[in-house]
Protein chains: 2
Amino acid sequence: MAASVTSRALDLLGAFGPEHRSLTLSELARRSGLPLATAHRLVGELHKWGALARLASGEYVIGRRLWDLGLLAPVQSGLRQAASPFLHDLYGATLATVHLAVRDRVEVLYVDRLAGHVSVPVVSRIGSRLPLHATGVGKVLLAYAPEDVRAEAFSRLTRVTPYTVTQPARLAEQLRRVRTEGYATTGEEMSLGACSVAVPVRAGHDSVVAALGIVVPDLRRDKARLVAALRVAAQGIGRTLASAE
Amino acid sequence: MAASVTSRALDLLGAFGPEHRSLTLSELARRSGLPLATAHRLVGELHKWGALARLASGEYVIGRRLWDLGLLAPVQSGLRQAASPFLHDLYGATLATVHLAVRDRVEVLYVDRLAGHVSVPVVSRIGSRLPLHATGVGKVLLAYAPEDVRAEAFSRLTRVTPYTVTQPARLAEQLRRVRTEGYATTGEEMSLGACSVAVPVRAGHDSVVAALGIVVPDLRRDKARLVAALRVAAQGIGRTLASAE
DNA sequence: TACTTGTCTTCCATTCACCGGAAGGAGCGG
DNA sequence: CCGCTCCTTCCGGTGAATGGAAGACAAGTA
């Protein structure tokens, strides 16, 4: 119950999220469970320092100083740096939305993303987390995940669209094919009108450290070419990672 | 002098910077001017919440939770979104490092960046700030900045390389040419071996809202082509911004 | 082994900064 | 004008933050 000032201030920051990018003072107080007067004082300090900024409307948003700080976080920074040029190549070759993702516990965490002009409906953003079973990169990461993670993921096969795979047996079969074929696909399982292909990114020879995927409106056309392009890029990333130790 | 707990905790976070991505507890205490015991306790709270993470070596780094939060900051998010595909096009056309920057007071703030395989020595990163007078995008932003900003910038023409323009008269002449010609160039003024070209990005017809630039090893070759490609991209971004209101 | 020098961690009595109810102000819609 | 919601300010009691001191640990030196 003991609530230190620090944790209270942090809880105020925690009230923000992808769905709540801007909040009024009273919303902040409500969402963090603090008395209005207390929230007011703490928000004032956060604002003074630059952790929060205030819109013309009076609502608060995450400030630029936190943006700066966040960019310093070593969240897969080696991976992102190594991958960057290959993502562009891949975009150039496919003109599709490109995704680089890692597994964070039982979710997909998108660490980089590259959107094209003609965008199919894509939900992901850099930093967003999605279920492992409903995305291409997620299936790849799940296929090579340890047993306990797979068990946990199978216990929460939520339906997102009518096409989401929610039958454990069918998903297990798909994962088996991912391991033998070396790539995963989805068809409108996360978002209607969007299909995806993804391949694993390996550091050295064994471990899968990330997944590389693209989102396209239709897969029937030239899946083979897309898979080939993905493989070239994934291998390039892997080599870069290996050479950088 | 009165140092509230909140501001102290924030000061601990502020001890991190591009040059100091990982810090030991004692470094944190020193850099923030806090007694070791106090720093220890506060860092513990920040760590528990996920604002800081701890490396195997025992050093602290910015944690993933702050990374998440930072991504929520509305730092030119409209601009970044509108520009993204055009940056890729520009990279495809030039294979050079591409920069999108805005002016933050008297500095250049890089809001997006796209690096190629063969990278010339480039100092910038997303989120980094550099002086206005020593970079291509900086000169563009300075050329269209209000009078007081220009005055302030002229009062601090620091030398970065032997080629940095530090004479006010010469810089003023260059800015005049930026306005008449519509583009700015630099030659090893920020970093040896790196030249740059940049053009303004206009929303609607008048105001310059950002600058778009590329960095190449040599400019003598095909400056005209590069400027043309930059202009196409900048116009595209401007149109997208205008159509999105 | 004993000593040095640097880390990090824990403890606890003092005190001072945080707390939050209450009251006042500002804006809005009926 | 009243009622509603939001934001801001005030202030006395009190419990959470403070930081010196002491101990634990590791690495380097003689």
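This text follows the structure it describes.
The rules behind these values
Residues numbered from 1 in each chain as written. Chains lettered and ligands numbered in written order. Predicted model: local features only at pLDDT ≥ 70, side-chain atom pairs only at ≥ 80, totals over all residues. Heavy atoms only, no water. Contact = heavy atoms within 4.5 Å. Buried area = accessible area lost by both parts, 1.4 Å probe. Salt bridge = Lys/Arg side-chain N within 4 Å of Asp/Glu carboxyl O. Polar contact = N/O pair within 3.5 Å; in protein donor to acceptor, adjacent residues only side chain to side chain. Helix = DSSP H or I, 4+ residues; strand = E, 2+ residues; numbered from the N terminus. Nonpolar A, V, L, I, M, F, W, Y, C, P; charged D, E, K, R; others polar. Least-squares fit on C-alpha atoms with pLDDT ≥ 70 in both. Buried < 20%, exposed > 50% of the residue type's maximum accessible area, 1.4 Å probe, protein only. Near = heavy atom within 4 Å.

## A word on the interface of chain B and chain A
Here is step 1 of the chain: Each side of the interface is counted separately: chain B has 53 residues, and chain A has 52 residues.
Here is step 2 of the chain: Of the roughly 4,300 Å² buried between chain B and chain A on both sides combined, carbon and sulfur atoms contribute 65%.
Here is step 3 of the chain: Contact with chain A buries surface across chain B, with B:R64, B:W67 and B:L72 losing the most and accounting together for 17% of the total.
Here is step 4 of the chain: On the surface where chain B and chain A come into contact, there are four salt bridges.
Here is step 5 of the chain: B:R129 serves as the salt-bridge partner of A:D68, at 2.7 Å between the closest nitrogen and oxygen.
Here is step 6 of the chain: Counting every contact that joins chain B to chain A gives seven residue pairs in polar contact (both at pLDDT 80 or more).
Here is step 7 of the chain: Those elements that place two or more of their residues in the side of chain B that touches chain A are α1 (5-14), α3 (36-49), β3 (60-62), α4 (64-72), α5 (77-94) and β5 (107-114) of chain B.
Here is step 8 of the chain: Of the residues assigned to the side of chain B that touches chain A, the class counts are 28 nonpolar, 14 polar and 11 charged.

## Points about the relation of the copies chain B and chain A
Here is step 1 of the chain: Superposition record for chain B on chain A: RMSD 0.3 Å, screw rotation 179°, translation along axis 0.0 Å. Taken together, the rotation and translation describe the operation of a two-fold axis. Scanning chain B for the C-alpha nearest the rotation axis identifies B:G70, at a separation of 2.5 Å.
Here is step 2 of the chain: The residues that chain B uses at the interface reappear at the interface of chain A in 98% of cases, marking a shared surface.

## Examining unusual backbone geometry
Residue and element names in this part refer to chain B.
Here is step 1 of the chain: Of note in the backbone geometry, Q76 takes a positive phi value of approximately 55° without being a glycine.
Here is step 2 of the chain: Mapped onto the elements, Q76 comes out in the loop between α4 and α5.
Here is step 3 of the chain: The phi dihedral of R105 falls on the positive side, at around 55°, and the residue is not glycine.
Here is step 4 of the chain: Assignment of secondary structure puts R105 in the loop between β4 (97-104) and β5.
Here is step 5 of the chain: Since its relative accessible area comes to 70%, R105 is described here as exposed.

## Side note on the protein's contact with DNA strand C
Here is step 1 of the chain: Not every one of the 15 residues close to DNA strand C is listed here, only the nearest: A:R8, A:T38, A:R41, B:S4 and B:S26.
Here is step 2 of the chain: Here a phosphate oxygen of DNA strand C sits 2.7 Å away from a polar atom, N or O, in the side chain of A:R41.
Here is step 3 of the chain: A distance of 3.0 Å separates a phosphate oxygen of DNA strand C from a polar backbone atom of B:L25.
Here is step 4 of the chain: Considered class by class, the residues forming the surface near DNA strand C number six nonpolar, five polar and four charged.

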